[in-house]
Amino acid sequence: MKKVSRLMFSALAFLTIGSTMAVSIGAVSADEVADTKASMTNLSAENSALLAKLNAAQDKVASIDSQVSNKTVAIDDAQKNIASTDKEITEVAQKIVKVQAEVQSRKAVLKEQVIALQKRAGDSVSGNVYVDFIVNSDSFSDMVSRASVVGKLNQANKEAMDAVANSESKLATLKQEQVTKKANLVNTKAQLEKDQAQLTSLKADAENEQASFQQEVDGHKTQLASLQSQLDAQTAAAVEAAKKETEKATIAPTVAPKTGSDNTPAPTPAKTTTVAPSGANTGSLVGNALQFIGTPYAWGGAQPGGFDCSGLVWYAAKMAGISLPRTSQEQSTVGTKVSLSELQPGDLVFWGGVGSAHHVGIYIGGGSYVHAPTEGQNVTTMSMQYYKPDFGRRL
């Protein structure tokens, strides 16, 4: 009897020690899982903060790009106005030459008139052809007639010379106005080019800052992926340990399994799959824009050879038979405003404010949009997670 009691006590002691060891193993695995989860949480928080900074940096680059594009369009307009003014100056100069030729022609006619009158006047009495022409009249009636002729000739010649002189004066004034206009346009263009150069320098600094944030974000992605793999391995180990403990409890039903949060295996995190939008059958505006994926960014560009952000939207809309203003500022006032949570494929997405937007894209669905990002990059699609717009407009 004593021997049997001793054997039962030994068996219970063994089972108790084994159970304790199993619990310890499970506790260690749970702690490791908890530590990994904590690391992931902290890293995710840091990543979110970096993404916010990256968004701000990208927004700054887009704002500068918008200003540079507007300067480019303004420079092109100034150049066209200069060319138009040059043409007007040339035309006015040609008219002045014609008027001056007309003056010479009128003087030649006057000279011929004087010669003709001189022949008819006969001997000179006063030294003035017109007076001599009147004085040497054959009769009083002839004198009156001659005086009338002289008066009409003088009046006609005076009016003709005044008209020619007045026309020449007006043309000279017009030419000077065009010359002044051209000088102002040249100065405006030079200032625009200076502003553009300064903006380009600012853009380089903003892009360096953006690249730095992007590098940190990419580094966090790598760390998060590594931690996720570690968490998956630890979770699997914890589940396996719990499984073995359950099997032991089944073999020795006389020992009640200890329950509690320390033994509960960490659940395997659910994995989500994001399906990227295909862009098919989402409307001609989306389809038109997507066909230009890979097209280089060009300041002021609105042709397939190169687009800026609003140029891409303007051209895709034009292909779809939709008339839109040329700049992002003007485009942001068209249609009706929609929140980001209500976006539909084909809606326009903007950064900035209504009437002052500095960047624009076209929503393609699935939380993504197509846009022309910045100088040195190509037309592409992007997730709103990495560069979130401020509002949408539905055409």
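What you see as residue numbers is a count from 1 along each chain, following the sequence as written. Reporting of local features is limited, given that this is a predicted model, to residues whose pLDDT is at least 70; pairs of side-chain atoms are given and counted only at 80 or more, and all residues count toward the totals for whole chains, interfaces and linings. Only hydrogens and water are removed before side-chain values are computed, so all heavy atoms of the structure are retained for them.

A. View of the pattern of salt bridges. For salt bridges, the criterion is a side-chain nitrogen of Lys or Arg within 4 Å of an Asp or Glu carboxyl oxygen. Overall, the coordinates contain two salt bridges when judged by the stated rule. For D308, the salt bridge identified is with R326, shortest N-O distance 3.1 Å. A residue pair is termed long-range when its members are at least 10 positions apart, and D308 in the loop between strand 2 (306-307) and helix 5 (309-319) and R326 in the loop between helix 5 and helix 6 (328-331) qualify at 18 residues. A salt bridge links D347 to R394; the shortest N-O distance between them is 2.8 Å. Taken together, the positions of D347 in the loop between strand 3 (336-338) and strand 4 (348-351) and R394 in strand 8 (residues 391-394) put the pair 47 residues apart, joining distant regions of the chain. Judged by relative accessible area, which is 3%, D347 ranks as buried. Helix and strand definitions here come from DSSP, where helices need a minimum of 4 consecutive H or I residues and strands a minimum of 2 consecutive E residues; each element is numbered from the N-terminal end. Only protein chains enter the accessibility calculation, which uses a 1.4 Å probe; a residue is then buried when its area is under 20% of its type maximum, exposed when over 50%, and partly exposed in between.

B. Structural view of the pairing of strand 4. By the alternation rule, side chains of strand 4 split into L348 and F350 and V349 and W351, which are all buried. Here four bridges tie strand 4 to strand 5 (residues 359-365), and the two strands are oriented antiparallel to one another. Within the sheet, the bridge partner assigned to W351 lies in strand 5 and is H359. Bridging between strand 4 and strand 8 involves three bridges; their strand directions are antiparallel. If DSSP finds at least two bridges between two strands, the strands pair.

C. Main features of the packing of aromatic side chains. In this analysis, rings of Phe, Tyr and Trp, with Trp reduced to its six-membered ring, are considered paired at centre separations within 6.5 Å, and the interplanar angle assigns stacked below 30 degrees, edge-to-face beyond 60, and tilted for intermediate values. All chains considered together, the criterion is met by six aromatic pairs. For the ring pair F307 and Y315, a centre distance of 5.7 Å and an interplane angle of 55 degrees mean the geometry is tilted. For the pair F307 and Y315, a shared accessibility class is recorded, and that class is buried. Centroid distance W351 to Y369: 5.2 Å. Interplanar angle 65 degrees. Geometry classified as edge-to-face. Taken as a pair, W351 in strand 4 and Y369 in strand 6 (residues 368-371) lie far apart in primary sequence, 18 residues in all. Each member of the pair W351 and Y369 is classed as buried.

D. Broad picture of the pairing of strand 5. Counting buried positions over the seven residues of strand 5 gives seven, a clear majority of the element. Two strands pair when backbone bridges link them, and strand 5 and strand 6 are joined in this way by three bridges, in the antiparallel orientation. Bridge pairing in strand 6 links I362 to V370. Count of turn residues in the strand 5/strand 6 antiparallel hairpin: two residues, of which G366 carries a positive phi of about 65 degrees.

E. Main features of the sheet that holds strand 5. An order of 3-8-4-5-6-7 is seen for the six strands of this open sheet, with the pairing classed as antiparallel. The open sheet terminates on both sides in strands that have one partner only, identified here as strand 3 and strand 7 (380-383). Across this sheet, the average inter-strand angle for adjacent strands is 40 degrees, counted without regard to direction. The contact criterion used is simple: two residues touch if any of their non-hydrogen atoms lie within 4.5 Å. Lines fitted to the C-alpha atoms define the axes, with helices restricted to the stretch that makes contact. Angles between their N-to-C directions range from 0 to 180 degrees. Strands strand 4, strand 5 and strand 6 of the sheet are contacted by helix 5, whose axis makes an angle of about 50 degrees with strand 5.

F. Broad picture of the confidence of the model for the protein. Summing up the model confidence of the protein, the mean pLDDT is 73 and the portion of residues at 70 or higher is 62%. Known as pLDDT, the predictor's confidence for each residue is given on a scale from 0 to 100. Per-element confidence in the protein ranges from a low mean pLDDT of 60 for helix 2 (residues 129-135) to a high of 97 for strand 8. Between residues 1-29, whose pLDDT stays under 50, and residues either more than four places distant or in other chains, the model counts 10 contacts. Note that residues 254-282 has pLDDT below 50 and, in this model, 30 contacts with residues that lie over four places away or in other chains.

G. Main features of the environment of S332. Note on placement: S332 falls in the loop between helix 6 and strand 3. Residue S332 is classed as buried on the basis of its relative accessible area of 0%. Placed 20 residues apart in sequence, S332 and G352 show a C-alpha to C-alpha distance of 9.2 Å. Those residues within four positions of S332 in sequence are excluded, and the remaining contacts are F350, G353, V354, G355, S356, A357, F391 and R393.

H. The arrangement of the environment of T374 in detail. By the secondary structure assignment, T374 is in the loop between strand 6 and strand 7. Residue T374 is classed as buried on the basis of its relative accessible area, which comes to 4%. Distance in space between the C-alpha atoms of T374 and W299 is 8.6 Å, their sequence separation being 75 residues. Apart from the residues lying within four places of it in its own chain, the contact partners of T374 are V61, D65, K203, E207 and Y297.

I. View of helix 5. Of all the 11 residues making up helix 5, eight are buried; the element is thus mostly covered by neighbouring parts of the structure. Within helix 5 the residues assigned to the buried category are C309, S310, G311, L312, V313, Y315, A316 and A317. Immediately downstream of helix 5, the backbone of G321 shows phi near 80 degrees, a positive value.

J. Summary view of the side chain of S328. With respect to the secondary-structure elements, S328 resides in helix 6. With relative accessibility at 2%, the residue S328 sits in the buried group. N or O atoms closer than or at 3.5 Å make up a polar contact, with two conditions inside protein: a donor-capable atom paired with an acceptor-capable one, and, for residues adjacent in sequence, both atoms drawn from side chains. From its side chain, S328 meets the backbone oxygen of A357 in a polar contact 2.9 Å long. Excluding residues within four positions of it along the chain, S328 makes contact with S66, S310, F350, A357, H358, H359 and V360.

K. Inspection of the nonpolar core at higher detail. Each nonpolar core is a collection of buried residues, namely Ala, Val, Leu, Ile, Met, Phe, Trp, Tyr and Cys, held together in the definition by side-chain atoms within 4.5 Å. Of all hydrophobic cores here, the largest spans 24 residues; its most connected members are F307, L348, I362 and V370. Those elements that place two or more of their residues in this core are helix 4 (284-290), helix 5, strand 4 and strand 5. Among the elements that line this core, the one with the most residues is helix 5, at six residues. Other than its neighbours up to four places away in sequence, I362 contacts L285, V286, A289, V313, A316, G346, D347, L348, V349, Y369 and V370. If you look at the next biggest cluster of nonpolar residues, it comprises nine residues, including L343, V349, Y369 and Y387.

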